[in-house]
Amino acid sequence: MPDVIIPGPAGRLEGRYSPSEDPTAPIALILHAHPLGGGNMENPTVDMMYDAFRKRGFATLRFNFRGVGRSQGSYDQGLGELSDAATVLDWVQGYNQGARFCWVAGHSFGAWIGMQLLMRRPEIAGFISVAPPTNMYDFTFLAPCPASGIIVHGGADKIVPADDVERVMSKVRVQKGIEITTEVVPDANHLFSDHLEELQRHVEAYLDAHLPGVEKERAERQITGKR
C-alpha cells in the first residue's frame, strides 16, 4: 500500500495506491467526505471500500482532495475537487493502460464528486455511493445515469435524511439496462458509526453479485467496438 504523490491541478495530491499483479485488472477510485467536515482518505468508510476493491484484485487508489492532509491547494466548492478526481484517475490509468474498466466509490461529498465523474468518463462501469448528500447538492446531472451502482444510506442519518435520498434518487433517469440499487442501514448515522460492518456487507455483496455481469458486458463492448 505505497504512499504516492500525484501532480494535481492545484499542486501535489497525497494518495495511497495498491497496484494489482494483473496488468488488465480494473481500477477503483475511492473518494472521501467533505474536506471541511473532517473528510479524508483515512476515514473508516473510505478505508473499508478501499479494502473491498483491493481484495477483489482491483488497482485501487484513494487520495486526499486539495487542502486535506499533505495535499496542496484549498477547498474549491466541488469544482476543483472534481478536477482533482479526474486528474487522479488519469494518473492511475497511466499506470494501468490495460485496465478492463473502472469503478468509483465515494462517501457523502465524495459520492457527489464520484457521480459527476461517472457522467464524464465512459470507462467507469459502476459506482458505490454512501450517504450521497442529496439535500445539499444538485443531482439532476444524472440525466440519464450511464452505469449501474449501489446507494447505501443510514436510516438514522440526521445530515442527509433517508427520505430525501429516496425522493431524489427515485427521479433519476437511467440508460437502458442500467439499474441503481438502494439499501438502507436502519440505525446508521451519516458516518455509519457502529454500523461499518453492515455497510461493508452491503458493499461487498453488491460487488460479488454484479462484477461478473460488468466483466461480461465490458468484454462484449470490446468485441463490438462500443465505448
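Residues numbered from 1 in each chain as written. Predicted model: local features only at pLDDT ≥ 70, side-chain atom pairs only at ≥ 80, totals over all residues. Heavy atoms only, no water.

**With respect to the pairing of strand β7 (residues 149-154)**
Burial analysis of β7 places six of its six residues in the buried class, which makes it a mostly covered element. Alternating positions in β7 separate into two faces, Gly-149, Ile-151 and His-153 on one and Ile-150, Val-152 and Gly-154 on the other, with burial throughout. Here β7 pairs with strand β8 (residues 180-185) via six bridges, running parallel. Across the sheet, the residue bridging to His-153 is Val-184, located in β8. The β-α-β motif built from β7, the intervening helix α4 (residues 162-169) and the parallel element β8 has right-handed crossover chirality. (Buried < 20%, exposed > 50% of the residue type's maximum accessible area, 1.4 Å probe, protein only. Helix = DSSP H or I, 4+ residues; strand = E, 2+ residues; numbered from the N terminus. Pairing = 2+ DSSP bridges. Right-handed = clockwise from strand over helix to strand, strands pointing away.)

**Section: the packing of aromatic side chains**
This model, assessed by the stated rule, comprises 13 aromatic pairs. Geometrically, the ring pair formed by Phe-58 and Phe-101 is edge-to-face, given 6.3 Å between the ring centres and 75° between the ring planes. A residue pair is termed long-range when its members are at least 10 positions apart, and Phe-58 in the loop between α1 (44-55) and β4 (59-63) and Phe-101 in the loop between α2 (79-95) and β5 (102-107) qualify at 43 residues. You'll find Phe-58 and Phe-101 in the same group, each marked buried. Between the aromatic rings of Phe-109 and Tyr-137, the centroid separation amounts to 6.1 Å while the plane-to-plane angle is 65°, which identifies the pairing as edge-to-face. You can see Phe-109 sitting in helix α3 (residues 109-120) and its partner Tyr-137 sitting in the loop between β6 (124-130) and β7, a full 28 residues away along the chain. Members of the aromatic cluster, each reached through a chain of ring pairs, are Phe-63, Phe-65, Tyr-75, Phe-109, Trp-112 and Tyr-137. Over the face of the ring belonging to Tyr-50 we find Arg-62, whose NZ or CZ atom lies 4.5 Å from the ring centre. (Phe/Tyr/Trp six-rings, centres within 6.5 Å; stacked < 30°, edge-to-face > 60°. Lys NZ or Arg CZ within 6 Å of the ring centre and 35° of its normal.)

**Brief notes about the sheet that holds strand β3 (residues 27-31)**
Across the sheet, which stays open at both edges, the eight strands sit in the order β1-β2-β4-β3-β5-β6-β7-β8 with mixed pairing between neighbours. Of all strands in the sheet, those with a lone pairing partner are β1 (3-8) and β8, marking the two edges. Direction aside, neighbouring strands of the sheet carry axes that sit 20° apart on average. Relative to strand β2 (residues 11-18), β1 is paired through six bridges, and the arrangement is antiparallel. By the bridge assignment for β2, Ile-5 is matched with Glu-14. Contacting β2, β3, β4, β5 and β6, α1 crosses the sheet at an angle of about 165° to β4. (Axes fitted to C-alpha atoms, helices over the stretch in contact; angles between N-to-C directions. Contact = heavy atoms within 4.5 Å.)

**Description of the packing of α1 against helix α5 (residues 196-224)**
Taken N-terminus to C-terminus, the directions of α1 and α5 make an angle of 30°; their axes are 10 Å apart at the nearest point. In terms of their interaxial angle, α1 and α5 are classed as roughly parallel. Seen from above, α1 lies across α5 with right-handed handedness. Of α5, the residues touching α1 (which contributes Pro-44, Thr-45, Met-48, Ala-52, Phe-53 and Lys-55) are Leu-196, Leu-199, Gln-200, Val-203, Glu-204 and Leu-207. Class assignment of the residues belonging to the contact of α1 with α5 gives a composition of eight nonpolar, two polar and two charged. (Parallel < 35°, antiparallel > 145°, perpendicular 65-115°, else oblique. Left-handed = near helix turned anticlockwise from the far one by under 90°. Nonpolar A, V, L, I, M, F, W, Y, C, P; charged D, E, K, R; others polar.)

**Some thoughts on the pattern of salt bridges**
Counted according to the given criterion, the structure contains 18 salt bridges. As a salt-bridge pair, Glu-42 and Arg-62 come within 3.8 Å of each other at their nearest N and O atoms. Residue Glu-42 is located in the loop between β3 and α1, and its partner Arg-62 is located in strand β4; the two are separated by 20 residues in the primary sequence. With a closest N to O distance of 3.9 Å, Asp-76 and Arg-66 form a salt bridge. Placement of Asp-76 in the loop between β4 and α2 and of Arg-66 in the loop between β4 and α2 is noted, with a sequence separation of 10 residues between them. For Asp-76, a relative accessible area of 32% gives the class partly exposed. When salt bridges with common partners are traced through the structure, they connect Asp-3, Arg-16, Glu-42, Asp-47 and Arg-62 into a single cluster. (Salt bridge = Lys/Arg side-chain N within 4 Å of Asp/Glu carboxyl O.)

**Examining the side chain of Arg-218**
Here Arg-218 shows up in helix α5. Given the relative accessible area of 11%, Arg-218 is considered buried. Dropping the residues within four chain positions of it, Arg-218 is found in contact with Arg-100, Phe-101, Pro-122, Glu-123, Ile-124 and Ala-125.

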